[in-house]
Amino acid sequence: MTTSPPPQSSGPQIRDRHPLALALFGLTLVSGLIDAVSYLGLGHVFTANMTGNVVVIAFALAGAPGFSVVGSLTSLAAFLLGAGLAGRLATRQTAVRSPARLRAAFLLEAVLHAAAAVVLFVRSPEGAVQYPVIALLALAMGIRNATVRSLGIPDLTTTVLTLTLTGLAADSRLAGGTAPRQRRKVLSVATMLAGAAPGAVLVLHGQIAWALVASAVLAGATALLYRE
């Protein structure tokens, strides 16, 4: 009896140094920053990781302290709105990987991050002011997630690492696999960590607005430098 190899992703095969791959690595770093800001600075709410929000809502409903149903629902609603808007735009484009469309989506993300930073420069991230900030960030991440999803690049979702880590272990040579795209998977994890760590430091030192300035600058630079 023979066994067939594990199925590989059917997405487009691009090298890790391809301009699109480099742009997605840059946005993965931004995701780490945003997760640090939203979870540590905005009441334990995720704006990039919606799986986390579903779990957080369950925690809050069960009475666990420190979690907000309203904050997580705000994030979910804004994220879905952003994903819907990006999906609508994608259906009107003949070229899924249109560089102009990608740059526009990434620049819009940068603008929304900057708008959230402005709010936090004007008001401290306490009470009701959290909700417009959460909405702006989740809207940006919904647009980005839908845009990146339409590309179908294997192991470069920019926000979720569960399947990347699963593939890293399950497809490894130790597990009897051929370790496809191993470097990409490791780089995805590393760039997320590289964004989350300084983001956490900034938030813990009361510089949450500056963390969002950094995310806006990085997202904007990624958009402006992306050429294909």
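These figures come from a predicted structure and were not determined experimentally.

A. Spotlight on the overall build of the protein chain. Of the regular secondary structure elements, the protein chain holds eight helices and zero strands. Starting at the N terminus and ending at the C terminus, the protein chain contains elements arranged as α-α-α-α-α-α-α-α. In terms of C-alpha radius of gyration, the protein chain reaches 18 Å, essentially the compact-globule figure of 17 Å for 228 residues. The principal-axis extents of the C-alpha atoms in the protein chain amount to approximately 60 × 40 × 30 Å. Out of the 228 residues belonging to the protein chain, those deemed buried represent 45%. Restricting the contact set of the protein chain to residue pairs at least 6 apart, pairs at least 24 apart contribute 75%. If the 16 positive side-chain charges of the protein chain are averaged to one point and the 7 negative ones to another, these points end up 8 Å apart.

B. Looking closely at the packing of aromatic side chains. Evaluation of the coordinates by the stated rule reveals three aromatic pairs. Aromatic pair Phe121 and Trp210: ring centres 5.1 Å apart, planes at 80°, arrangement edge-to-face. Residue Phe121 is located in helix 4 (residues 99–122), and its partner Trp210 is located in helix 8 (residues 208–225); the two are separated by 89 residues in the primary sequence. Its relative accessible area of 45% is what places Phe121 among the partly exposed residues.

C. A look at the side chain of Ser72. Its location among the elements puts Ser72 in helix 3 (residues 69–91). Of note is the side chain of Ser72, whose polar atom sits 3.4 Å from the side chain of Asn53. When near neighbours in sequence (up to four residues on either side) are disregarded, Ser72 contacts Val45, Asn53, Val56 and Ile57.

D. Focus on the pattern of salt bridges. Enumeration over the complete set of coordinates arrives at five salt bridges. Two residues, Lys185 and Asp171, come together in a salt bridge whose shortest N-O distance is 3.6 Å. In this pair, Lys185 is assigned in helix 7 (residues 182–204) and Asp171 in the loop between helix 6 (162–170) and helix 7, connecting sequence segments 14 residues apart. Just as Lys185 is buried, Asp171 falls in that class too. Here the salt bridges do not stand alone but share partners, grouping Asp16, Arg183 and Arg184 into one network.

E. View of the layout of surface pockets. For the second largest pocket, the calculated volume is near 200 Å³. Around the second largest pocket, the lining residues are Asp35, Ala36, Tyr39, Leu40, Phe46, Asn49, Thr51, Thr159, Val160, Leu161, Thr162 and Met192. A per-element tally of the lining of the second largest pocket places helix 1 (residues 19–41) first, with four residues. A class-by-class count of the residues in the lining of the second largest pocket yields seven nonpolar, four polar and one charged.

F. Fine view of the environment of His18. If you trace the backbone, His18 turns up in the segment before helix 1. For His18, a relative accessible area of 21% puts it in the partly exposed group. Along the chain, His18 and Glu228 lie 210 residues apart, while their C-alpha atoms are 8.3 Å from each other. A polar side-chain atom of His18 sits 3.0 Å from the main-chain amide nitrogen of Leu20.

Quick notes on the rules
Going along each chain's sequence as written, the residues are numbered from 1 onward. The model is predicted, so local features are restricted to residues of pLDDT at least 70 and side-chain atom pairs to those at 80 or more, both for listing and for counting; the totals for chains, interfaces and linings are taken over all residues. Water and hydrogen atoms play no part in the side-chain values, which are based on all heavy atoms of the structure. The helix count covers DSSP runs of H or I at least four residues long, the strand count covers runs of E at least two residues long, and both are numbered beginning at the N terminus. Only C-alpha atoms enter the radius of gyration; for comparison, a globular chain is expected to reach 2.2 Å times N to the power 0.38, where N is the number of residues. Throughout, exposure labels follow a simple rule: accessible area from a 1.4 Å probe, protein chains only, divided by the maximum for the residue type, with under 20% read as buried, over 50% as exposed, and the rest as partly exposed. Note on contacts: a residue pair qualifies if any of its non-hydrogen atoms lie within 4.5 Å across the two residues. Only four residue types enter the tally: Lys and Arg on the positive side, Asp and Glu on the negative side; His and the chain ends are excluded. For the purpose of locating charges, the reference atoms are NZ of Lys, CZ of Arg, CG of Asp and CD of Glu. Each aromatic pair joins two rings of Phe, Tyr and Trp (for Trp, the six-membered one) with centres within 6.5 Å, and gets the label stacked for planes under 30 degrees apart, edge-to-face for over 60, and tilted for any other angle. We define a polar contact as two N or O atoms separated by no more than 3.5 Å, with the added condition that, inside protein, one atom must be a possible hydrogen donor and the other a possible acceptor, whereas residues neighbouring each other in sequence contribute only through side-chain atom pairs. Salt bridge criterion: a side-chain nitrogen from Lys or Arg within 4 Å of a carboxyl oxygen from Asp or Glu. Cavity means a closed set of points on a 1 Å grid over the protein atoms alone, one where a 1.4 Å probe fits but cannot get out, pocket means an open set with protein on both sides within 12 Å along at least 5 of 7 lines, and lining means a residue has an atom within 4 Å of a point. Grid points are joined across faces, edges and corners, and a volume is the space filled by probe spheres set on the points. Amino acids outside the nonpolar list (Ala, Val, Leu, Ile, Met, Phe, Trp, Tyr, Cys, Pro) and the charged list (Asp, Glu, Lys, Arg) are all regarded as polar, and Gly is one of them.

By themselves, these observations are geometric and do not establish any function.
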